[in-house]
Amino acid sequence: MTEQASPDGLAEQLRAARQWAGITQEQLAGLSTVSVRAIRDLEQGRVRHPRRETLRLLAGAMRLSDARRAALELAVEGAEAGTVMREAYGAELAPPPQPLRRLVGRAEELRVLTGLLATEHERLLSVVGLAGVGKTRLAQEAALLLHGRDRTPVVWVDMNETAPSAAGPTGTRSPRSALTGWARSVALGGRGLDELASVIRGRATLLVLDGHDTGPHLTPPLLELLHVCERLKVLITTREPHRTPGNRMLPLGPLPVPDPEPGESPSGPETPGASLTAGQPAVELMLSYVGHMRPDLMPGDSLVRTVAGISRALDGVPRAMEAAASWLLLRSPAELLRIARTAPLDVVDDVTAADTGGDAGGEGLAALLAAAVGRLDDGPAALLGDLSLLPDGWSADQAAAGLSATPAAVVRDVHALMLRGLVRRLPGEEDGAPRFGVLNLVRQLAAERAASLVPATALVTT
C-alpha cells in the first residue's frame, strides 16, 4: 500500500523538527552534509521526492527518534508505508496511550490480566463488562506494564474512532495512524492484513482493540493475522462476549461497594455513628470525584457516609459515579443520594450530556445500559426481570426454586447475565453457595423489558 501525502506535509514536519532541535538551516547543513539550498527547498515544499538518504542524514543530524524519522519519511509523496514501518517498528513507534488518572481498586484484575498476557499460549483475550465499568482503563494499565517492562510494541486501536477509510489508512502522515488504520480495517474484516503482518512479522506485539463491539465472532482477517504472526497477542475490550474458539474471556464487574449499614433503608438517612468506609475502592473513587467537583465540601464522617451510599446505589460503576458527581453543582450530597437510590438513571449521565448529545464517550450511560438490556435474548431478559424483584443475596438454587425453574437453566442464564455485567457476585457465601444481586442501575430497565415479553414472566431459556 502506498501512502499519499503532499510535499507541504514534509515541509511542515521538517521545519518543525529543525525548530524542535533548536538549530538554524545553516547549522543543520553543517551537521548533516546536506546543502543549505537543499534544506531550504525541502522546507519550502519545492522538492516532491527527496532521497531517503537525504532524509536520514537530516534526521540523524537532528537526533530524531525512530518515530519522528518514520513520520518524516511517510510525509514524502509516494513513500511506501510498509517499507518505512518495517524499518522503524518497535516499542517507541507503538506505545499505549497514557492514562489521565491512576487505576483504583483493580489490583487483582490487573494481576490476572498481565499474568495471562505474559504466558506463551494465551494469545486472544477479551475483557468483557458493562459500559462504564473500566475496561479501557484496565487494558491501558496492562499494556503500559508490558510496554515498559518488556519493551513490547502496543498497537492501540480505539474502535469507536472514525477510520480515515474503510479500506485502510490513506492520506495519513503519522506512523501510529498507519498501524492503527491497518489494524482497525483488519478487525472489521477489511484490507490491511498483508501490510500489518509484514510490519509485525515475528516480533512480540500486543494489539488492543478497545471497544470492539461489532458482533459475537471475530473476523477471518483478524484470526488470520493471529495465525501468521506467531508472537502477536490480541486484547479486546467489549460489552458483549466474543464466541471465538480460543478466546479467553475475563469478566470485569463493578468496583466493590460497602455493605448496607445497619438500620439503613433505601430512602432513609445514613445511620449515625456507623463505621466509615472510605477504604472501599468505590468509595475512594467517588470521594475523589466529589473532591474535584466540590472542593468546598469537607470529607468528614457525614460526607463519607453519604458518598458511600451514593457509590452503593450506583453499584460502584466508575462512569456512573463520575457523572453523578457532576450533579453536585446543582444538588447537595444528600439530594444526590436520594435520587441515586430512587432513580439512579437520572444521574448517570454528565450534567452537560443534554447539551452535547451524550458524553465524551459518545452515547450516554443510561442509553448504553438500556441497550445492554435490550440486546438480551428473551429467556435471560425474562429471568433478569424476575431476579430484579428479589433482594440482593440470592443463590442460583434459591432463584430457581422461587421461579419454578430448573437450577441448570437458571445457572446458565445467570452466567450469561454476569458476563454482560448485569448481575454481580456478592462477597461472602451463604451455606457454601455464592450470592448474587442484580445491579441497581438496571433493575427498572430489566422490569420494563420483562413486562414487554409475552408471556411476561415466562422463563424461556436459550
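To be clear, the structure that these remarks concern was listed above.
The sections below set out a description of the structure shown in this document. Keep in mind it's a predicted model, so treat the numbers as computed, not measured.

Here we look at the packing of aromatic side chains
Aromatic rings in a pair are described by how distant their centres are and how their planes are angled relative to each other.
Logical step 1: Here the structure, examined in full by the defined rule, presents one aromatic pair.
Logical step 2: The interplanar angle of 35 degrees and the centroid separation of 5.6 Å between the aromatic rings of tryptophan 394 and phenylalanine 436 together place this pair among those described as tilted. Pair noted here: tryptophan 394 is in the loop between helix H18 (378-387) and helix H19 (396-403) and phenylalanine 436 is in strand S7 (residues 433-438), with a separation of 42 residues, a long-range link.
Logical step 3: Classification of tryptophan 394 by relative accessible area gives buried; the value is 3%.
Logical step 4: Overall, phenylalanine 436 belongs to the buried group, its relative accessible area being 10%.

Considering the packing of helix H9 (residues 175-187) against helix H10 (residues 193-200)
Logical step 1: Two elements in contact, H9 and H10, have axes separated by 9 Å at closest approach and are oriented at 125 degrees. The angle between H9 and H10 places the two elements in the oblique class. Relative to H10, H9 is oriented so that their crossing is left-handed. Side by side, H9 and H10 meet where Leu179, Trp182, Ala183 and Val186 of the first sit next to Leu193, Glu195, Leu196 and Val199 of the second.

Re unusual backbone geometry
Logical step 1: With a phi angle near 55 degrees, arginine 151 is a residue other than glycine that sits in the positive phi range.
Logical step 2: With respect to the helices and strands, arginine 151 occurs in the loop between helix H8 (135-150) and strand S2 (154-158).
Logical step 3: Arginine 151 gets classed as partly exposed once you look at its relative accessible area, which sits at 49%.
Logical step 4: The phi dihedral of aspartate 315 is positive, around 65 degrees, even though this residue is not glycine.
Logical step 5: Here aspartate 315 shows up in the loop between helix H13 (301-313) and helix H14 (318-326).

Section: the packing of helix H2 (residues 25-32) against helix H3 (residues 36-43)
Logical step 1: Axis separation between H2 and H3 bottoms out at 9 Å; the angle between their running directions is 120 degrees. What the angle tells us is that H2 and H3 run oblique. When you trace H2 past H3, the crossing you get is right-handed. Touching Gln25, Glu26, Leu28, Ala29 and Ser32 of H2 are Val36, Ile39, Arg40 and Glu43, all from H3.
Logical step 2: Within the contact of H2 with H3, the residues separate by chemical class into four nonpolar, two polar and three charged.

What counts, and at which threshold
- Here the residue numbers are simple positions, counted from 1 along each chain's written sequence.
- Owing to the predicted nature of the model, reporting of local features is limited to residues with pLDDT of at least 70; listing and counting of side-chain atom pairs is limited to 80 or more, with chain, interface and lining totals taken over all residues.
- Side-chain metrics rest on all non-hydrogen atoms present in the structure, leaving aside hydrogens and water.
- Working definition: a ring pair exists when centres of Phe, Tyr or Trp rings (six-membered ring for Trp) sit within 6.5 Å. Plane angles under 30 degrees give stacked, over 60 give edge-to-face, the rest tilted.
- Strands are runs of DSSP state E lasting at least 2 residues, helices are runs of H or I lasting at least 4, and numbering of each runs from the N terminus.
- In this scheme, a residue with accessible area under 20% of its type's maximum is buried, one over 50% is exposed, and one in between is partly exposed, where area comes from a 1.4 Å probe on protein chains only.
- Fitting a line to C-alpha atoms yields each axis, with helices limited to the stretch in contact; the angle taken between N-to-C directions then spans 0 to 180 degrees.
- To sort the angles, those under 35 degrees are grouped as roughly parallel, those over 145 as roughly antiparallel, those from 65 to 115 as roughly perpendicular, and the leftovers as oblique.
- Handedness of a crossing follows from how the near helix is turned relative to the far one, being left-handed for an anticlockwise turn of less than a right angle and right-handed for a clockwise one.
- Contacts were defined at the residue level, with two residues in contact if any of their heavy atoms lie within 4.5 Å.
- Gly counts as polar in this scheme, as do all residues outside two lists: the nonpolar Ala, Val, Leu, Ile, Met, Phe, Trp, Tyr, Cys and Pro, and the charged Asp, Glu, Lys and Arg.

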